[in-house]
2 protein chains.
Amino acid sequence: MTMTATDDLVRFVTNLSFDELPSAVVETTQNLMLDWLGSGIAGRHLHPTPCFGRVVEGIAPGEGACDILTGASRRSSFAASMINAAAGNIVEQNDLHNASILHPGAVVFPVVLALAQERGLSGRDTIVAAVAGYEAGIRVGECLGASHYRCWHTTATVGTLAAAMAAGRAMRLDHRSMLHALGSAGTQASGLWAFIHDDADSRPLHAAKAASNGLLAAALAQQGVTGASDILLGRQGMGEAMSDCIDADRLVDGLGRRWGVLETSLKYHASCRHTHPGADAFVSLCKDERLAMEDIVGVSVGVHRGALDVLNPSVAPETISEAKFSMGCVLGLLAHYGSAGVEAFTLDTIRNPRVRDFAKRVTMAFDPEVDAAYPRKWVGKVVVTTRDRRTIERRLDHPKGDPQNPLSEEERLAKFRCLADAGGLREVEAVDRLIDWTQTLSQRDRVGSLMQWLA
Amino acid sequence: MTMTATDDLVRFVTNLSFDELPSAVVETTQNLMLDWLGSGIAGRHLHPTPCFGRVVEGIAPGEGACDILTGASRRSSFAASMINAAAGNIVEQNDLHNASILHPGAVVFPVVLALAQERGLSGRDTIVAAVAGYEAGIRVGECLGASHYRCWHTTATVGTLAAAMAAGRAMRLDHRSMLHALGSAGTQASGLWAFIHDDADSRPLHAAKAASNGLLAAALAQQGVTGASDILLGRQGMGEAMSDCIDADRLVDGLGRRWGVLETSLKYHASCRHTHPGADAFVSLCKDERLAMEDIVGVSVGVHRGALDVLNPSVAPETISEAKFSMGCVLGLLAHYGSAGVEAFTLDTIRNPRVRDFAKRVTMAFDPEVDAAYPRKWVGKVVVTTRDRRTIERRLDHPKGDPQNPLSEEERLAKFRCLADAGGLREVEAVDRLIDWTQTLSQRDRVGSLMQWLA
């Protein structure tokens, strides 16, 4: 087997040890887990999570050792990772790594939590498995680049490989088996953006399959099933089939020095991340200029190509998921309610005539400068036209939640409480225990079950 | 929802009824099921099937109503379809539809058998579900074309959609749900040829995942999970992402008049189908010219592009799976043993010095005429150079097993017995009962279990 960048990346995550993780990486990983847990709880009773629950009941009928976030039962790691990943991808507030255009937490944590519970892992081993998933997935996403994202939902495709590396580490696979797991994960990688034009339910399906297929890839490798030795850069591999701008160097960029975990953004708004740069530039401009909704006659948002590919052109969305992908609606909610958090998206709010009326004043335009910086930087640019005929521009380099413009601890915890509330988890004690559980994860001998606080 | 070719195809398979199936279609479907069953039994104990068995035990614990071909247990339809599809893809003797470059039986029958058992289907409904899978899958494969096959293993990708349509029919989904199932299947479609360069185990994984993901897509649709309305022709769908030569008209070509089932080839040799045209032209030439192995100093096989992409350049394969993708080895086995059936591939035969020595005399060359006809016709062309310095050419339009050059009933049954024997099923009575079961399927009120004959 020749040494390739793929092999180097796999070797790095195979050999990663807790002791070499900077304390900021450990702490941030715990925070990212809490963030994911919030999204999972928020989506646990929402369509289509219960559909996934019923299907999994049929395909994998036995009990297991892994929590389902509804708190209703414990299942196999495969079943739990599938249902919990679906649940975590509904309210659109998952963490995002800019340069890889990947929601790593959405696919890594469902697998890591399930396997940690099934195998009785310590908190330290659980954190290492999660970091392995993040570092590998982020570099694979950067390697495949923005052209991959054109048709492919990176969280679905690359997410499968991230989940496999996290699962493989949780299973303590050796280097050779990790490489097989990566091969078997890559040849299962799928997930197209086609669903977005129909507001179909494939986003949670993508996360559910990335998580469970990644876990499957690692389990197969553990049992001796081999995979392609270089599924990324090899002939007829992912690079050749799924990207026009593959960059092999990104696979090994700064391994052990640069931590993707620390570059991961937390989403402040509960909408597609492509709406955030424009939304934050808009909010900042309105605040500084003291503009109210009725002062504004037009907003033009300068966006990168990926936003045009994925965002919904609709200014009058009929469903909450459509609304989360509508720049007009998101700006309308912010203008009218001052928030685009999870609680701001209801059928009443998105159909509010004032929000709809405002949404009609919002347009998106391709902006070459924004596009050139993307995906490394998600630049926000807006031009607002006021009733008194002024034209005001605003440019913002880092949307809120980027590491350069982070949520405060207070905002992070408030976000979690808000998400938990949205998922019907209202007992303060239980919410506090979940927060405490993630914040002290590295000190736990066993991850254990969360069921007593989830029900 | 606008009417598209995709929609028309889905409507056709949704409304398909047993009474409109020509009797030849019914009979051929039964024969194809027997053919698949043979491949499944032959591979049931071979690596990596037992690995899949152990993994499925972990991820989908719990008993079910569906036979595992090992005869060891009964599992959920998801688990059974996964294990049985893996088993059916190891000895490389699955049926193939030329124009779609798809092994339909490999992905359709594992799903149909499992769901028929789980839901107590009649033989007639079982046959309709299988035909739905074949007709849909074959047309999707033709639509995506040969450029899709360049990097993508069509049986893996398109197979997922074929399995979903078969599963959806077995579940009696309505038209709308069938369309959702197709969308959820297409966004799970994956499977790259990268593994072939490492002789890795992804071929059975591809079939296992196509079958079980297709079943999952239908189960999700039944529970109300929606999918893209046109995953094939729509924006950011399979056509845009995975083909350079998409042909929408093929999706609806001859629906109800032209039956893909009747166009499906049975493989005579237990090697990659891309070796068959050359192999049969070679055999035919040697027979007519009365050439023995030692009379031949060189064989040049004219091949299409797909063969060069997928076949192994090795003339000294070390594993059986490598040998099945080596033109040199296949011709060597035919020259030395007079057979390339399942029994002809052992570690001893493929390493036989005479076979290896002959394999070194075999080369492949791209042939524009062969390539132009492909994939509709798989033309075989060989040029043999003899010891006495003659150059003899042979061209063959239809490799053995094509509908235009079919296996006789005797050959079909002999193939099944041979495959059953390879899988350790040697009791004549049990083999006869399995043959009888498939040949009388359309008359059965319930498909029932095969366990008593499989053990």
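Reading guide: rules and limits
Residues numbered from 1 in each chain as written. Chains lettered and ligands numbered in written order. Predicted model: local features only at pLDDT ≥ 70, side-chain atom pairs only at ≥ 80, totals over all residues. Heavy atoms only, no water. Helix = DSSP H or I, 4+ residues; strand = E, 2+ residues; numbered from the N terminus. Rg over C-alpha atoms; globule rule 2.2 N^0.38 Å. Buried < 20%, exposed > 50% of the residue type's maximum accessible area, 1.4 Å probe, protein only. Contact = heavy atoms within 4.5 Å. Areas by Shrake-Rupley, 256 points an atom, 1.4 Å probe, with all protein chains shown as cover. Lys, Arg positive; Asp, Glu negative; His and termini not counted. Charge placed at Lys NZ, Arg CZ, Asp CG, Glu CD. Disulfide = S-S within 2.5 Å. Axes fitted to C-alpha atoms, helices over the stretch in contact; angles between N-to-C directions. Parallel < 35°, antiparallel > 145°, perpendicular 65-115°, else oblique. Nonpolar A, V, L, I, M, F, W, Y, C, P; charged D, E, K, R; others polar. UniProt positions renumbered as here; feature names shortened; annotations may be inferred. Buried area = accessible area lost by both parts, 1.4 Å probe. Salt bridge = Lys/Arg side-chain N within 4 Å of Asp/Glu carboxyl O. Polar contact = N/O pair within 3.5 Å; in protein donor to acceptor, adjacent residues only side chain to side chain. Domains from an automatic or database assignment. Pairing = 2+ DSSP bridges. Least-squares fit on C-alpha atoms with pLDDT ≥ 70 in both. Phe/Tyr/Trp six-rings, centres within 6.5 Å; stacked < 30°, edge-to-face > 60°. Lys NZ or Arg CZ within 6 Å of the ring centre and 35° of its normal.

(A) Inspection of the overall build of chain A at higher detail. Within chain A, the secondary structure is distributed over 21 helices and 8 strands. For a compact globule of 455 residues, the expected C-alpha radius of gyration is about 23 Å, and chain A comes in at 21 Å, within 12% of that figure. Viewed in the frame of its principal axes, chain A has a C-alpha envelope of about 70 × 50 × 40 Å. Relative to its full complement of 455 residues, chain A shows a buried share of 67%. Long-range contacts, defined here as pairs at least 24 residues apart, represent 78% of the contacts in chain A between residues at least 6 apart. For chain A, the accessible surface area stands at approximately 14700 Å², while carbon and sulfur atoms represent 48% of it. Placing the 45 positive and 53 negative side-chain charges of chain A at their respective mean positions leaves the two points 1 Å apart.

(B) Representation of the state of the cysteines. Residues and elements named next belong to chain A. A full pass over the atoms with the stated rule returns 0 disulfides over all chains. The structure places no disulfide on Cys143, whose sulfur is separated from the nearest cysteine sulfur, that of Cys245, by 8.9 Å. For Cys143, a relative accessible area of 0% puts it in the buried group.

(C) Representation of the packing of helix α3 (residues 49–59) of chain B against helix α4 (residues 77–87) of chain B. Residues and elements named next belong to chain B. Interhelical geometry of α3 versus α4 gives an angle of 170 degrees and a closest axis separation of 9 Å. Our classification of the angle between α3 and α4 gives roughly antiparallel. Here Thr49, Phe52, Gly53, Val56 and Ile59 of α3 lie close against α4, whose contacting residues are Ala79, Met82, Ile83, Ala86 and Ala87. Tallied by class, residues from the contact of α3 with α4 come to 8 nonpolar, 2 polar and no charged.

(D) Spotlight on the UniProt feature "domain: MmgE/PrpD C-terminal" (unreviewed entry) in chain A. Taken from the UniProt record, the annotation "domain: MmgE/PrpD C-terminal" (unreviewed entry) applies to residues 269–431 of chain A. For residues 269–431 of chain A, helix accounts for 44% and strand for 16%, while the C-alpha atoms at its two ends are 21 Å apart.

(E) Structural context of the UniProt feature "domain: MmgE/PrpD N-terminal" (unreviewed entry) in chain A. If you check UniProt for "domain: MmgE/PrpD N-terminal" (unreviewed entry), the listed places come out as residues 8–244 of chain A in our numbering. The distance separating the terminal C-alpha atoms of residues 8–244 of chain A is 23 Å; by composition the span is 63% helix and 3% strand.

(F) Quick peek at the interface of chain A and chain B. Listed by partner, the interface residues are 63 residues for chain A and 61 residues for chain B. Of the roughly 4700 Å² buried at the junction of chain A and chain B (both faces included), carbon and sulfur atoms supply 60%. A per-residue breakdown of the area chain A buries against chain B is headed by Ile59, Thr187 and Gln236 of chain A, which together make up 15% of the total. Taken together, the links from chain A to chain B amount to 2 salt bridges. Across the salt bridge formed by Arg235 of chain B and Asp309 of chain A, the nearest N and O atoms sit 3.8 Å from each other. Across the chain A-chain B interface, the total number found is 32 residue pairs in polar contact (both at pLDDT 80 or more). Looking at the side of chain A that touches chain B, the elements that each hand over two or more residues are α3 (49–59), α4 (77–87), α8 (175–186), α9 (202–222), α10 (238–242) and α13 (305–310) of chain A. Here the side of chain A that touches chain B is composed, by residue class, of 31 nonpolar, 21 polar and 11 charged.

(G) Region of interest: the domain arrangement of chain A. Residues and elements named next belong to chain A. The domains assigned to chain A are domain 1 (5–265) and domain 2 (273–396). Each of domain 1 and domain 2 was reduced to a C-alpha centroid, and the two centroids are 30 Å apart. Taken together, the contact pairs 18 residues of domain 1 with 16 residues of domain 2. Both faces combined, the contact of domain 1 with domain 2 buries some 1600 Å², and carbon together with sulfur accounts for 57% of it. If you sort the residues of domain 1 by the area they bury against domain 2, Asn98, Arg150 and Asp199 come out on top, with a joint share of 29%.

(H) Summary view of the sheet that holds strand β5 (residues 296–303) of chain A. Residue and element names in this part refer to chain A. Read across the open sheet, the 4 strands follow the order β6-β5-β7-β8; overall the sheet is mixed. Of all the strands in the sheet, the pair left with one neighbour each is β6 (362–366) and β8 (391–396). When strand polarity is set aside, the average angle formed by the axes of neighbouring strands in this sheet is 20 degrees. Note: strand β7 (residues 380–386) against β8, 6 bridges, orientation antiparallel. Bridging across to β8, Val382 finds its partner in Arg394.

(I) Spatial organisation of the relation of the copies chain A and chain B. Each copy of the sequence occupies a distinct position, and chain A is placed on chain B by a rotation of 180 degrees and an axial shift of 0.0 Å, giving an RMSD of 0.0 Å. Such a combination of rotation and displacement between the chain copies is what one expects of a two-fold axis. Most of the interface of chain A is mirrored in chain B, where 97% of its interface residues again form contacts.

(J) Focus on the environment of Gly137 of chain B. Relative to the helices and strands, Gly137 of chain B is located in helix α6 (residues 123–149). In this structure, Gly137 of chain B is in contact with Leu102, Val158 and Ala162 of chain B, ignoring residues within four places of it in sequence.

(K) Looking closely at helix α15 (residues 327–337) of chain A. Residue and element names in this part refer to chain A. When you tally the buried positions in α15, you get 8 out of 11 residues, the bulk of the element. What α15 keeps buried is the set Met327, Gly328, Cys329, Val330, Leu331, Gly332, Leu333 and Leu334. In this structure, the buried side of α15 is in contact with α12 (276–289), β5, α14 (320–324), α16 (347–351), α17 (353–359) and β6. Just downstream of α15 lies Gly338, where phi reads positive at about 75 degrees.

(L) Spotlight on the sheet that holds strand β5 (residues 296–303) of chain B. All names here are of chain B. Across the sheet, which stays open at both edges, the 4 strands sit in the order β6-β5-β7-β8 with mixed pairing between neighbours. With partners counted over all chains shown, the strands left at the sheet margins are β6 (362–366) and β8 (391–396), one partner each. For this sheet, the mean angle separating the axes of adjacent strands, direction not counted, is 20 degrees. Pairing analysis gives 6 bridges linking β5 to strand β7 (residues 380–386), with the strands arranged antiparallel. Note that in β7 the partner of Ser300 across the bridge is Val383.

(M) Inspection of the packing of aromatic side chains at higher detail. This model, assessed by the stated rule, comprises 16 aromatic pairs over all chains. Ring centres 5.8 Å apart and planes at 35 degrees place the aromatic pair Trp152 of chain A and Trp152 of chain B in the tilted group. In this pair, Trp152 of chain A is assigned in the loop between α6 (123–149) and α7 (154–170) and Trp152 of chain B in the loop between α6 and α7 (154–170), connecting two distinct chains. The pair formed by Trp152 of chain A and Trp152 of chain B is uniform in burial state, with each residue classed as buried. Ring pairs connect the aromatic residues Trp36, Phe109 and Tyr134 of chain A, which therefore count as one cluster. The ring centre of Tyr268 of chain A lies 5.1 Å from the NZ or CZ of Lys400 of chain A, which sits over that ring. The ring of Phe345 of chain B carries the charged tip of Lys324 of chain B above its face, separated from the ring centre by 4.3 Å.

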